[in-house]
Amino acid sequence: MTNPPTNQPMIDLRDATKKYDDGPPALAGVTLSVPAGECLAVLGHSGSGKSTLLNLIAGLDRPTGGSVTVNGVRVDQLGEAGSARYRRASIGMIFQFFNLLDDLTVLDNVLVPAQLAGMGKGEAKRRAAELLGSLGIDRHAKAYPARLSGGQRQRVAVARALMNRPALLLADEPTGALDSHAAADVRRLLLDLNAEGQTILLVTHDVELASTTAHRTIELVDGAVARDVVNTDPDAANRAAVNPAIGAPRGDASLAGSATAANAANTANTANTANAANAANTANTANAANAANAANAANAVNTTTATTFNGPSGAVR
Ligand SMILES: Nc1ncnc2c1ncn2[C@@H]1O[C@H](COP(=O)(O)OP(=O)(O)OP(=O)(O)O)[C@@H](O)[C@H]1O
Ligand SMILES: [Mg+2]
């Protein structure tokens, strides 16, 4: 993977546009720069283009105009295989309805991205155990997702997203299906991760969640950025109280100097973002996850698995 030069933003969109055959554009010329270490919230009414934006950044969809650069990679110019590699290397995704594979245990769900990336079994199990422990769900490792609460399931999804230490975590309505207690839990988790240096793009309808979690909020209206504000940060002090076991993402070390996120407290650890090249992927899971509902996820992941488990050490099971 390309090593981005110092000060290169983690996300850089120039006039990114997505038009479908009929109707107005889903995304209408979005220009957006997100520094490494920033937590950016994306607000907007239903149909305003939030998921479209996320999908372009994840390389799950291509813009019909403009450019999408993430972590130094021109995502809009990647072919299918390159796009899958990019997601493996750089992206973790979490979704409103978790999109776990119901016929796999919690542990096996979390291991999927590592398997797709060909991570060694021992390393994968260590990483999974670390994540499940730090997220407080280790005692459910052998349970199936159906036995867990919504909040617990989202923690499993977060563990899966972080498995390969993605440079960028994309969250599409991660609290949308949770009660207020579980939602607060997930918010806390995002804050901790961000304090560790994780760059996060958080799509939400929840104005308060946006302003108390993200450094900055943009609002999409009809596919365009109608508002772009820096949030006063009521949680800044708490951000220092991070969960050490989660660990910082392995973004490229050269990004260390580019952490220009609005809040210095949050960016101190961005120097820990080392080595995106090795970060592998949740993104094949993301493909699955992106299949609009959790019921489809199993098929989608299995399909992806079938086409991806062909590397020298890809298949674990
Ligand atoms: N495959 C598609 N074909 C045609 N139009 C589409 C397609 N996908 C999305 N759109 C349209 O693009 C626009 C933006 O959709 P998008 O899913 O990005 O909205 P959103 O902001 O994520 O909405 P929500 O809050 O409901 O999730 C909508 O008008 C939608 O109908
Ligand atoms: Mg959406």
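As a starting point, this report considers the structure included with it. (Residues numbered from 1 in each chain as written. Chains lettered and ligands numbered in written order. Predicted model: local features only at pLDDT ≥ 70, side-chain atom pairs only at ≥ 80, totals over all residues.)

### Brief notes about the overall build of the protein
What the protein contains, in helices and strands, is 11 helices and 10 strands. A buried classification covers 54% of the 317 residues belonging to the protein. Taking the contacts inside the protein whose residues are at least 6 apart along the sequence as the reference set, 75% of them involve residues at least 24 apart. (Helix = DSSP H or I, 4+ residues; strand = E, 2+ residues; numbered from the N terminus. Buried ≥ 20, exposed ≤ 12 C-beta atoms within 10 Å, placed from the backbone. Contact = placed C-beta atoms within 7 Å.)

### A few points about the nonpolar core
Counting residues in each nonpolar core, the largest one holds 77 residues, and the members touching the most others are Val 42, Ile 57, Leu 170, Leu 201 and Leu 202. Filtering out sequence-adjacent residues up to four positions away, Val 42 remains in contact with Lys 50, Leu 53, Leu 201, Leu 202, Val 203, Ile 218 and Leu 220. (Core = buried A, V, L, I, M, F, W, Y, C linked by C-beta atoms within 7 Å.)

### Here's the deal with helix α4 (residues 121–134)
An ideal rise of 1.5 Å per residue puts 20 Å on 14 residues; α4 measures up with 20 Å between its terminal C-alpha atoms. Every buried residue of α4 is listed here: Ala 124, Arg 127, Ala 128, Leu 131 and Leu 132. Buried residues of α4 fall within an arc of 130° about the axis and therefore sit on the same side. Turned more than 90 degrees off the buried face of α4, the exposed positions are Gly 122, Glu 123 and Arg 126. The inward-facing, buried residues of α4 abut α3 (106–117) and α5 (150–162). (Expected span 1.5 Å × (residues − 1). Arc of directions from axis to C-beta.)

### Some words on the site of ligand 1
The immediate surroundings of ligand 1 are formed by Tyr 20, Ala 26, Gly 44, Ser 46, Gly 47, Ser 48, Gly 49, Lys 50, Ser 51 and Thr 52. Considering each element in turn, the shell around ligand 1 owes the most residues, three residues, to helix α1 (residues 50–57). Looking at the shell around ligand 1, its residues break down into two nonpolar, seven polar and one charged. (Near = placed C-beta within 6 Å. Nonpolar A, V, L, I, M, F, W, Y, C, P; charged D, E, K, R; others polar.)

### Considering the pairing of strand β1 (residues 11–18)
Here β1 runs beside strand β2 (residues 27–34); their pairing, made up of five bridges, is antiparallel. Bridge pairing links Asp 12 to Ser 33 in β2. Inspection of the sheet shows β1 paired to strand β4 (residues 65–70) by five bridges, in the antiparallel sense. The residue of β4 that forms the bridge with Thr 17 is Gly 65. (Pairing = 2+ DSSP bridges.)

### Some points on the packing of α5 against helix α6 (residues 180–195)
The contact between α5 and α6 brings their axes to 9 Å, and the two run at 20°. Judged on the interaxial angle alone, α6 and α5 are roughly parallel. When you trace α5 past α6, the crossing you get is right-handed. Between α5 and α6, the contacting residues are Gly 150, Gly 151, Gln 154 and Val 158 on the first element and Ala 182, Asp 185, Val 186 and Leu 189 on the second. (Axes fitted to C-alpha atoms, helices over the stretch in contact; angles between N-to-C directions. Parallel < 35°, antiparallel > 145°, perpendicular 65-115°, else oblique. Left-handed = near helix turned anticlockwise from the far one by under 90°.)

### Section: the environment of Lys 121
Mapped onto the fold, Lys 121 is located in helix α4. Between the C-alpha atoms of Lys 121 and Leu 111, which are 10 residues apart in sequence, the distance is 9.1 Å.

### Points about the sheet that holds strand β6 (residues 91–95)
With mixed pairing, six strands are arranged side by side in an open sheet as β6-β7-β8-β3-β9-β10. Looking at strand neighbours, the two that pair on one side only are β6 and β10 (224–230), the edges of this open sheet. Sheet twist, expressed as the mean angle between neighbouring strand axes with direction ignored, is 15°. In terms of strand pairing, strand β3 (residues 39–44) meets strand β9 (residues 216–221) through five bridges, oriented parallel. Across the sheet, residue Leu 40 finds its bridge partner in β9, namely Arg 216. Packed on one face of the sheet, α5 meets β6 and β7 (168–172) and runs near 165° to β6. Across the sheet, α6 is in contact with β3, β7 and β8 (199–203); its angle to β8 comes to roughly 150°.

### Observations concerning the packing of α3 against α4
How two helices sit against one another is set out by the angle between their axes and by the gap between those axes. For the pair α3 and α4, the least separation of the axes is 10 Å and the interaxial angle reads 130°. Classified by the angle their axes make, α3 and α4 are oblique. Where α3 crosses over α4, the two elements pack in a sense that is right-handed. Between α3 and α4, the contacting residues are Leu 107, Val 110, Leu 111 and Ala 114 on the first element and Ala 124, Arg 127, Ala 128, Leu 131 and Leu 132 on the second.

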